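Residues per chain, in single letters:
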Amino acid sequence: MPELPEVETVRRTLNELVAGKRIERVTVTLPRIIQRPEEPEAFAAALAGHTIQSVERRGKFLRIILDGLVLVSHLRMEGRYGVYKQDEPVELHTHVRFHFDDGMELRYKDVRQFGTMHLFAPGDDLTLPPLNKLGIEPLEEAFTLQAFKKAVASRKTKIKPLLLNQEHIVGLGNIYVDEALFTAGIHPERTPDTLKAADWSRLYDAIRATLGRAVDAGGSSIKSYVNGQGEMGMFQHELLVYGREKEACRSCGGPISKSVVGGRGTHICLRCQPLPKAGKRANQVKQAAK
Ligand SMILES: [Zn+2]
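Residue positions within a chain follow its written sequence, with the count starting from 1. For a predicted model such as this one, the threshold for reporting local features is a pLDDT of at least 70, and the threshold for listing and counting side-chain atom pairs is 80 or more; totals across whole chains, interfaces and linings nevertheless cover every residue. As a convention, hydrogens and water are excluded, and side-chain values are obtained from all of the structure's heavy atoms.

- Looking at an unreviewed UniProt entry, one finds the protein chain named Formamidopyrimidine-DNA glycosylase and attributed to Paenibacillus taihuensis.
- UniProt positions are given in the numbering used here, feature names are shortened, and annotations may be inferred rather than shown by experiment. Recorded in UniProt for the protein chain, the comment headed Sequence similarities (unreviewed entry) runs: "Belongs to the FPG family."
- Under the UniProt heading Subunit (unreviewed entry), the entry covering the protein chain gives this text: "Monomer."

See the structure below:
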């Protein structure tokens, strides 16, 4: 599933291709993609005549800003956008087509059919589902070490599912959580109360650095991901643990293992990301209680 770096790359590439284009009409051939307004006919009618101003992002959602409307779209597993000439053959699994008045069109293709589109009046999209409960953006200035700790430090859950929860911090998925936890040397099953000041600082830096570098590389193409211009990302070549089960850790040479944490396949180097010993932790708790 595309995470922040992939969606940000789609946003950038798409923005260059569609900003300024006026939609003449819209064709929906798979109604279930359209979440709001629920009727594809209403969706298509509302968009006709509107001009795309820019493509923005909130978490893993694209926000296509038009004059007087906002189209919020999630790619889920394998959704992808592309811009084509209207006379180009339409590929299989193309479900929504935005026909522009200049002979081009934006096509949404989705083999798995899990992607979504919601149409809102400007401003409403940020105050209504699915965007209203989203947490802090990790690449924006507001994401300071303090804001990071405020978002997750008081929670009782293991750190990996905490980081995956979009209501705390947006944009991190299975790939970048595993990468950031490895970079910070933190075992994914640790709980926030076991993290010391230095751990928080390393994890904060690792999240920013991992996401920043992945955006610079155009995201990771693991299965089917391509950007808005049909190009693959390059960050899959730089991954340290994700997808490297049984391979050698790039830091210590030990084996990368795979287990399940919070219901998700998780890649760990147990040498670089040790779990604090239970006895030691119990002693710490005793000392804290004194
Ligand atoms: Zn290692």
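### A word on the overall build of the protein chain
Then comes step 1: In this description a helix means any DSSP run of H or I spanning at least four residues, a strand means any run of E spanning at least two, and both kinds are numbered starting from the N terminus. If you tally the helices and strands in the protein chain, you get eight helices and eleven strands.
Then comes step 2: For the protein chain, the C-alpha radius of gyration of 21 Å lies close to 19 Å, the compact-globule estimate for 290 residues.
Then comes step 3: Dimensions of the protein chain, computed from C-alpha atoms along their principal axes, come out at roughly 70 × 40 × 30 Å.
Then comes step 4: Per-residue burial over the protein chain gives 50% buried out of 290 residues.
Then comes step 5: Look at the contacts in the protein chain between residues 6 or more apart in sequence, and 62% of them connect residues 24 or more apart.
Then comes step 6: Put simply, the protein chain shows about 13700 Å² of open surface, and 51% of that area lies on carbon and sulfur atoms.
Then comes step 7: By the counting rule applied here, Lys and Arg register as positive and Asp and Glu as negative, while His and the ends of each chain are not counted. The location of each charge is read from NZ of Lys, CZ of Arg, CG of Asp or CD of Glu. Within the protein chain, the 35 negative side-chain charges are centred at a point lying 11 Å from the centre of the 42 positive side-chain charges. In this setup the radius of gyration rests on C-alpha atoms only. A globule is expected at 2.2 Å times the number of residues raised to 0.38. Throughout this description, buried means an accessible area under 20% of the type-specific maximum (1.4 Å probe, protein chains only), exposed means over 50%, and partly exposed covers the range between. Contacts are assigned to residue pairs with any non-hydrogen atoms lying within 4.5 Å of each other. Methods summary: accessible areas were calculated by the Shrake-Rupley approach with a probe of 1.4 Å, and residue burial reflects only the protein chains presented.

### Things to note about the pattern of salt bridges
Then comes step 1: Just to be clear on terms, a salt bridge is a Lys or Arg side-chain nitrogen sitting within 4 Å of an Asp or Glu carboxyl oxygen. Enumeration over the complete set of coordinates arrives at 17 salt bridges.
Then comes step 2: For Glu 78, the salt bridge identified is with Arg 112, shortest N-O distance 3.9 Å. On the criterion of sequence distance, the pair formed by Glu 78 in the loop between β5 (69-74) and β6 (80-85) and Arg 112 in the loop between β8 (104-109) and β9 (116-120) is long-range, its members being 34 residues apart.
Then comes step 3: Classification of Arg 112 by relative accessible area gives partly exposed; the value is 37%.
Then comes step 4: The closest approach of N and O atoms between Glu 105 and Arg 107, which form a salt bridge, is 2.6 Å.
Then comes step 5: The buried category is assigned to Glu 105, whose relative accessible area is 0%.
Then comes step 6: Taken together, the salt bridges that share partners define one network made up of Glu 8, Arg 11, Arg 12, Arg 57, Arg 58 and Glu 137.

### Examining the sheet that holds β8
Then comes step 1: Pairing between strands is defined by DSSP: at least two bridges between the two strands are required. Spatially, the four strands line up as an open sheet ordered β1-β7-β8-β6, and their pairing is antiparallel. Each having just a single partner strand, β1 (23-28) and β6 make up the two edges of the open sheet. Strand-to-strand twist across the sheet, computed as the mean angle between neighbouring axes with direction ignored, equals 20°.
Then comes step 2: Across six bridges, β6 lies against β8 in antiparallel orientation. Across the sheet, the residue bridging to Tyr 84 is Glu 105, located in β8.
Then comes step 3: The axes are straight lines fitted to the C-alpha atoms, using for helices just the contacting stretch, and the angles between their N-to-C directions are given from 0 to 180°. The strands touched by helix α1 (residues 4-18) are β6, β7 (94-100) and β8; relative to β6, the strand with the most contacts, the crossing angle is about 25°.
Then comes step 4: Strands in contact with helix α2 (residues 40-47) are β1 and β7; relative to β1, the strand with the most contacts, it is inclined by about 165°.

### Focus on the sheet that holds β9
Then comes step 1: If you trace the five strands from one edge of the open sheet to the other, you get β2-β9-β5-β4-β3, paired in mixed fashion. With one partner strand each, in any of the chains shown, β2 (34-36) and β3 (52-58) form the two edges of the open sheet. Here the strands of the sheet are splayed against their neighbours by 25° on average, with no regard to which way each runs.
Then comes step 2: Bridge count between β2 and β9: two bridges; the pairing is parallel. Looking at the pairing, Ile 34 lines up with Met 117 of β9.

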